[in-house]
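Chain by chain, the residues run as shown.
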Amino acid sequence: MPDSRPSSLVLPALRGGLIAALVALAAPAHAEEPTNDARWVSDSLTTYVRSGPTDGHRIVGNLKSGQKVTLIGSQGSYSQVRGQNGDLVWILSSDLQAVPGQNERLPQLDAQVAELSGQLKTIDDSWKNRVQGMQETLDSRKKLIDELEARNKALSEQLDESQSNLRDTQARLGDENKQVMMRYMVYGGSIAGAGLLAGLILPSLTRGRKKNDRWF
């Protein structure tokens, strides 16, 4: 079976990267120098604003977290800003941030999450297809191996049968060779016996004829 570990390792890593990207997008860049005069009230509070750049000036209102303002200037620990209604007020510089608030960034974050989720799904589907392709390849190779093993087993059985038949044939040939040798021996013995008998009889016949010839 194919090992599905590559997919199980890559997908958590991708999800971790997605979370890290979202955290980076959500984190306010306090360390960055402002490039323009746009500011937003910090997300963590609803702050009061004053009529002047010190704590001694009277409170003239408040700004909600994430509200966009325009920076006019700074003095001490306060910054003068213009609100969306056009009023000039002073706010603690530490209560401002140079990036949009979460409410303003939320739709953008949602879109980015949707895009990254789509990319993650595409990667996930791609890995699933690759794993399925590898599984099909492994199944095909396993089937071929099974077929080759079956053929090898059949050939081994045929070889064993052929060797058994060869041994039987060799045994029969051995028996036939023995029988032929016995026949040759019997035949040769018969010839030798006949020759010996002829060698004994012919001299006797010759001597008898010589005696008869002397009588005439």
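Residues numbered from 1 in each chain as written. Predicted model: local features only at pLDDT ≥ 70, side-chain atom pairs only at ≥ 80, totals over all residues. Heavy atoms only, no water.

Caption draft 1: How the structure looks around the overall build of the chain. Looking only at helices and strands, one finds two helices and seven strands in the chain. For the chain, the α and β elements follow one another from N to C terminus as α-β-β-β-β-β-β-β-α. Burial statistics for the chain: of 216 residues in total, 18% are counted as buried. The contacts of the chain with a sequence gap of at least 6 include a subset with a gap of at least 24, amounting to 53%. Approximately 16,200 Å² of the chain is accessible, and the part contributed by carbon and sulfur atoms is 57%. (Helix = DSSP H or I, 4+ residues; strand = E, 2+ residues; numbered from the N terminus. Buried < 20%, exposed > 50% of the residue type's maximum accessible area, 1.4 Å probe, protein only. Contact = heavy atoms within 4.5 Å. Areas by Shrake-Rupley, 256 points an atom, 1.4 Å probe, with all protein chains shown as cover.)

Caption draft 2: Here's a closer look at the nonpolar core. The biggest cluster of nonpolar side chains holds eight residues, and these are Val-49, Leu-63, Val-69, Leu-71, Val-81, Val-89, Ile-91 and Leu-96. Secondary-structure elements contributing two or more residues to this core are β4 (68–75) and β6 (88–92). (Core = buried A, V, L, I, M, F, W, Y, C linked by side-chain atoms within 4.5 Å.)

Caption draft 3: Layout of the environment of Asp-55. Following the sequence through the fold, Asp-55 ends up in the loop between β2 (47–50) and β3 (59–63). Sequence-wise, Asp-55 and Ile-91 are 36 residues apart; in three dimensions their C-alpha atoms are separated by 9.8 Å. Apart from residues no more than four positions distant in its own chain, Asp-55 is found in contact with Arg-50 and Tyr-78.

Caption draft 4: View of the environment of Gly-83. Tracing the backbone shows Gly-83 in the loop between β5 (78–82) and β6. Separated by 14 residues in sequence, Gly-83 and Val-69 place their C-alpha atoms 4.9 Å apart.

Caption draft 5: Spatial organisation of the pattern of salt bridges. Counting across every chain of the model gives three salt bridges. Across the pair Lys-121 and Asp-125 runs a salt bridge whose closest N-O atoms are separated by 2.9 Å. Placement of both Lys-121 and Asp-125 in helix α2 (residues 102–215) is noted, with a separation of four residues, approximately one turn of the helix. (Salt bridge = Lys/Arg side-chain N within 4 Å of Asp/Glu carboxyl O.)

Caption draft 6: Up close: the confidence of the model for the chain. Taken as a whole, the chain shows an average pLDDT of 75; of its residues, 71% reach a score of 70 or greater. Mean pLDDT across the elements of the chain bottoms out in helix α1 (residues 5–26) (50) and peaks in β5 (93). When the criterion is pLDDT under 50, residues 1–11 qualifies, and its contacts beyond four places in sequence or with other chains add up to 11 contacts. Contacts of residues 26–34 to residues separated by more than four positions or lying in other chains number eight contacts, the stretch itself having pLDDT below 50. (pLDDT = per-residue confidence, 0-100.)

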